[in-house]
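# Working through the structure, step by step
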Amino acid sequence: MSVAEQKLTRLTAAGRFDLCCPGECIRMLSNASHITYNPRAGGCGRMLKVLLHGACSYDCAYCAVRLQKERLSFSPGELADTFLGLWQEGIVGGLFLSSGIPRDVDLVMHELVETGEILRRRGYDGYLHLKVLPGAARADIHDAARVADRISINLEATSPDRLGGIAGVKDYRQDILKRQAWVAEEKPGHHTTQFVLGAADETDAEVLSCVADQYRRIRPSRIYFSAFRALPGTPLAAHPDTPGWRARRWYQADYLLRDYGVTPGDLRAVLDEEGFFADRDPKEVLAARRCPVNVNTAPRRDLLLVPGIGPKGADRILALRRVRPLSGPADLVRAGIRGKAAGRHVTFGGRETVQTRLVL
Ligand code: SF4
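In this text, all values refer to a predicted model and were calculated from it rather than measured experimentally.

Definitions and limits used
Residues numbered from 1 in each chain as written. Predicted model: local features only at pLDDT ≥ 70, side-chain atom pairs only at ≥ 80, totals over all residues. Heavy atoms only, no water. Axes fitted to C-alpha atoms, helices over the stretch in contact; angles between N-to-C directions. Helix = DSSP H or I, 4+ residues; strand = E, 2+ residues; numbered from the N terminus. Left-handed = near helix turned anticlockwise from the far one by under 90°. Contact = heavy atoms within 4.5 Å. Nonpolar A, V, L, I, M, F, W, Y, C, P; charged D, E, K, R; others polar. Parallel < 35°, antiparallel > 145°, perpendicular 65-115°, else oblique. Expected span 1.5 Å × (residues − 1). Buried < 20%, exposed > 50% of the residue type's maximum accessible area, 1.4 Å probe, protein only. Pairing = 2+ DSSP bridges. Right-handed = clockwise from strand over helix to strand, strands pointing away. Near = heavy atom within 4 Å. Salt bridge = Lys/Arg side-chain N within 4 Å of Asp/Glu carboxyl O. Phe/Tyr/Trp six-rings, centres within 6.5 Å; stacked < 30°, edge-to-face > 60°. Lys NZ or Arg CZ within 6 Å of the ring centre and 35° of its normal.

Two elements in contact, helix α4 (residues 138–147) and helix α6 (residues 172–186), have axes separated by 9 Å at closest approach and are oriented at 35°. Our pair here, α4 against α6, has a crossing hand that is right-handed. Contacts between α4 and α6 pair Arg138, Ile141, His142 and Ala145 from the former with Arg179, Trp182, Val183, Glu185 and Glu186 from the latter. Classifying every residue of the contact of α4 with α6 by side-chain character gives four nonpolar, one polar and four charged.

Another aspect to go through is the packing of helix α2 (residues 76–88) against helix α3 (residues 105–121). Between two packed helices, the angle of one axis relative to the other and the distance separating the axes together describe the packing. Two numbers describe how α2 lies on α3: the axes approach to 9 Å, and their chain directions differ by 45°. Taken as axis vectors, α2 and α3 run oblique relative to one another. In terms of crossing hand, the pair formed by α2 and α3 is right-handed. On the side of α2, the interface is formed by Pro76, Gly77, Leu79, Ala80, Phe83 and Leu84, while α3 contributes Glu111, Glu114, Thr115, Ile118 and Leu119.

A few words now on helix α7 (residues 204–218). Taking 1.5 Å of rise per residue, 15 residues should cover 21 Å, and α7 covers 20 Å from first to last C-alpha, within 8% of that figure. Against α6, β7 (191–197), β8 (222–227), α8 (244–259) and α9 (264–268) lie the buried residues of α7. Positive phi shows up at Arg219, right after α7, with a value of about 55°.

Moving on, we come to the pairing of β8. Counting buried residues along β8, six of its six residues qualify, which places the element largely inside the surrounding structure. Of the two faces of β8, the one lined by Arg222, Tyr224 and Ser226 and the one lined by Ile223, Phe225 and Ala227 are each fully buried. By the bridge criterion, six bridges tie β7 to β8 in an arrangement that is parallel. Paired with Thr192 across the bridge in β8 is Arg222. For the crossover that starts at β7, traverses α7 and ends in the parallel β8, the hand is right-handed.

Around the ligand lies a shell formed by Cys56, Tyr58, Cys60, Tyr62, Cys63, Arg66, Gly100 and Lys170. Looking at the shell around the ligand residue by residue, the class counts come to five nonpolar, one polar and two charged.

Bringing the pattern of salt bridges into the picture now. All chains considered together, the criterion is met by 21 salt bridges. Between Arg120 and Asp149 there is a salt bridge, and its shortest N-O distance comes to 3.0 Å. Linking Arg120 in helix α3 with Asp149 in the loop between α4 and β6 (150–152), this pair joins segments that are 29 residues apart in sequence. Linking Arg146 and Asp143 is a salt bridge whose minimum nitrogen-to-oxygen distance equals 3.2 Å. Note that Arg146 and Asp143 are positioned in helix α4 at a spacing of three residues, about one turn of the helix. The structure contains a network of salt bridges with shared partners spanning Glu117, Asp143 and Arg146.

Under the counting rule described, the total for this entry stands at six aromatic pairs. Centre to centre, the rings of Phe225 and Tyr251 are 5.3 Å apart; their planes meet at 80°, and the pair counts as edge-to-face. One end of the pair, Phe225, is in strand β8; the other, Tyr251, is in helix α8, and 26 residues separate them in sequence. Of the residues examined, Phe225 reaches a relative accessible area of 2% and is grouped as buried. Taking relative accessible area as the criterion, Tyr251 reaches 6% and is therefore assigned buried. Linked through ring pairs, Phe195, Phe225, Trp250, Tyr251 and Phe277 together constitute an aromatic cluster. One Lys or Arg, Lys49, reaches over the ring of Phe96 and ends 5.6 Å from the middle of that ring.

Here's what the structure looks like:
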């Protein structure tokens, strides 16, 4: 294995905790373990996720890179060469570039931007996602936004107190929120963020408040949720892992907020007394509390709250019923509603049909 390949293997292993695709998308190609591959992720498929520097002088308690002394690094030119080689062979289709912070933040942020600039100068016109480091300068965020398709800065936690418990060196307001506001101004509609669920013992009610505030003020195109995993050798090694289903429920809740017209208040009502989601699809929980929806009269917003009906399905139902009323399950199937889940939550003009349950 060449030195560049060794670096690639080590620095992609360290970079795998930064998400660029939702849910359980991270599947490694068997013969190229440094590539995050997700066939359903469109531009995100065959993404090389890698760190520029494998060492970091920060001490975030959940992170494997923390206080890492090994000076394993790519220079911007080296990483550009390595990536372009893989891209030209068709092995990778995009680059997600982040970094540990072994020295001054500004120097490392310059290097991330420089890597992107080299790639663009050398004709790379594919997908490029650059991570904005906590405390980065406004000018570097401006340059990152210019050169990259997408930029992101991770919130990690829901508040200054919560972050203080797991990453005391970062100032939540100054290093993260202030920089995130700049990110949003420099790359509107093309920036993301990420939470590490459970590392700081926050409740889902706290996450919900923070997520709602993000979509209202900052407008990230996506929010990613990673379930905390205790890593050996870190201060949180004995902390319980966050179950994977919590992240799955958060992706479902996030879709409801972004695409289904569900409000934070609606979701708050499905949290338990301690402020947590149960391991159940929040849309199912919301639907179970509502009267069955009449598919012939319900507004689009109410159709969207029926399990099994998404935005396209709701639009097809509206189109069908403009021609004639839907008379039964066969019409739902005609509208592309295939999930059995819809059956017990709909009527066709006042009749809640047991038959619906059986046929769908
Ligand atoms: S800043 Fe914190 S989370 Fe980022 S690489 Fe360094 S120790 Fe890890």
